[in-house]
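Residue strings, one per chain:
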Amino acid sequence: MKEQFSRLFGLSEQRSGQEEVRQIPVGDIDTSPFQPRTVFDDERIDELCQTIKTHGVIQPIVVRVRNNRYEIIAGERRWRAVTKLGYETIPAIVREFNDSQTASIALIENLQREGLTAVEEAVAYQKLIELHHLTQESLAQRLGKSQSTIANKLRLLALPESVKLALMERKITERHARALLSLDSEELQLKVLEEILTKELNVKQTEVRIAFLKEAAKAKKVKRISFTKDVRLALNTIRQSIEMVSGSGLQIKTNEKDHEDHYEIVIQIPKR
């Protein structure tokens, strides 16, 4: 599957017969600056440690040479597990890739694995779009996903840093975060985030709270529009005029409605 994705991104690899698996000192290996995963689950690493203790490192990591050291292209979790176990070496394959190829492979490898947070996944999509000059639609086709899935993930990058951090630390879910996107004020987004964390609101409760805040903001806006000085003056003038005409004996009927962006007064004057 990885090879198929690699070909889709123009990363088809021609392996030479001289390619070999080497035992490389763990201390000579550096992590990749293109690694999209920023949060590594300690429990998952411990599980991997146990597997490696039992079966060894079944799949070599892939590295490239940088500044007389080795930089991980694929397999950082395996390297972390081996480091935690205190092993001196790890099996690795050395390949020559430029920065663009290295970034793409790291992104694709992680997108095929479980465990990326929604923010990390969104960052990976954005980097692939930039690296390969893609549209959301073309990226979706290459990854076998819907365009809406890509778009919804990328929208998360517009959230305040505090919200993205909470999402990465799994303190809130992606559905919480997407609900917060419906608020057009960063101040309100942070206010609701604090409520989610302190009151442990579920997604439904969060959506209800957001709906309430939006209605309150809408009502406040209507009130602010309806009661400016000029509007008050106009309404009072019309009402006084109606009272003056009514005083002459005409049975005038009025119906007033307060709309979001205007005030409506319907006046009915009898012909007889």
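Residues numbered from 1 in each chain as written. Predicted model: local features only at pLDDT ≥ 70, side-chain atom pairs only at ≥ 80, totals over all residues. Heavy atoms only, no water.

Per an unreviewed UniProt entry, the chain goes by Nucleoid occlusion protein and derives from Paenibacillus nanensis. Word for word, the UniProt comment on the chain under Sequence similarities (unreviewed entry) is "Belongs to the ParB family." As its UniProt record puts it under Subcellular location (unreviewed entry), the chain is described as follows: "Cytoplasm, Nucleoid". (UniProt positions renumbered as here; feature names shortened; annotations may be inferred.)

If you look at soluble globular proteins, the nonpolar side chains tend to sit buried side by side. Leu 156, Leu 159, Leu 167, Ile 172, Leu 180 and Val 192 are the most contacted members of the largest nonpolar core, which totals 20 residues. Elements that contribute at least two residues to this core include exactly helix H5 (118-132), helix H8 (161-168), helix H9 (174-180), helix H10 (186-199) and helix H11 (203-226). Here this core gets four residues from one element, more than from any other, and that element is H8. When near neighbours in sequence (up to four residues on either side) are disregarded, Leu 180 contacts Leu 159, Val 163, Gln 189, Val 192, Leu 193, Ile 196 and Ile 210. Grouped together as the second largest cluster of nonpolar side chains are 16 residues, Val 26, Val 63, Ile 72 and Val 82 included. (Core = buried A, V, L, I, M, F, W, Y, C linked by side-chain atoms within 4.5 Å. Buried < 20%, exposed > 50% of the residue type's maximum accessible area, 1.4 Å probe, protein only. Helix = DSSP H or I, 4+ residues; strand = E, 2+ residues; numbered from the N terminus. Contact = heavy atoms within 4.5 Å.)

Backbone hydrogen bonds hold the strands of a sheet together, and the pairing may be parallel or antiparallel. Spatial strand order, E1-E5-E3-E4-E2: five strands in an open sheet with mixed pairing. Taken across any chain shown, the strands that pair with only one partner, and hence form the sheet edges, are strand E1 (21-25) and strand E2 (29-30). Across two bridges, the pairing between E2 and strand E4 (residues 69-74) is parallel. Looking across to E4, one finds that Asp 30 is bridged to Glu 71. (Pairing = 2+ DSSP bridges.)

On the surface, Ile 238, Val 245, Leu 250, Ile 267 and Ile 269 cluster together into a nonpolar patch covering about 380 Å² of accessible area. Within the secondary structure, Val 245 sits in helix H12 (residues 229-246). (Patch = residues over 30% accessible without salt bridge, like charges linked within 9 Å, V, L, I, M, F, W, Y side chains within 5 Å. Areas by Shrake-Rupley, 256 points an atom, 1.4 Å probe, with all protein chains shown as cover. Salt bridge = Lys/Arg side-chain N within 4 Å of Asp/Glu carboxyl O.)

At a closest axis distance of 8 Å, the pairing of H5 and helix H7 (residues 147-155) adopts a crossing angle of 110 degrees. Comparing their axes, H7 and H5 come out roughly perpendicular. Judged by the twist between their axes, the crossing of H5 over H7 is left-handed. Of the residues in H7, those touching H5 at Ala 118, Glu 121, Ala 122, Tyr 125, Gln 126 and Ile 129 are Ile 150, Lys 153 and Leu 154. (Axes fitted to C-alpha atoms, helices over the stretch in contact; angles between N-to-C directions. Parallel < 35°, antiparallel > 145°, perpendicular 65-115°, else oblique. Left-handed = near helix turned anticlockwise from the far one by under 90°.)

With respect to the helices, strands and loops of the structure, Thr 102 is situated in helix H4 (residues 99-111). Aside from chain neighbours lying at most four places away, what touches Thr 102 is Ser 32, Phe 34, Arg 64, Glu 71, Ile 73 and Phe 97.

On to helix H3 (residues 76-85), then. For H3, the set of buried residues is Glu 76, Arg 78, Trp 79, Ala 81 and Val 82. Of the surrounding elements, those touching the buried residues of H3 are E2, helix H2 (42-55), strand E3 (61-66), E4, strand E5 (89-94) and H4. Just downstream of H3 lies Gly 86, where phi reads positive at about 85 degrees.

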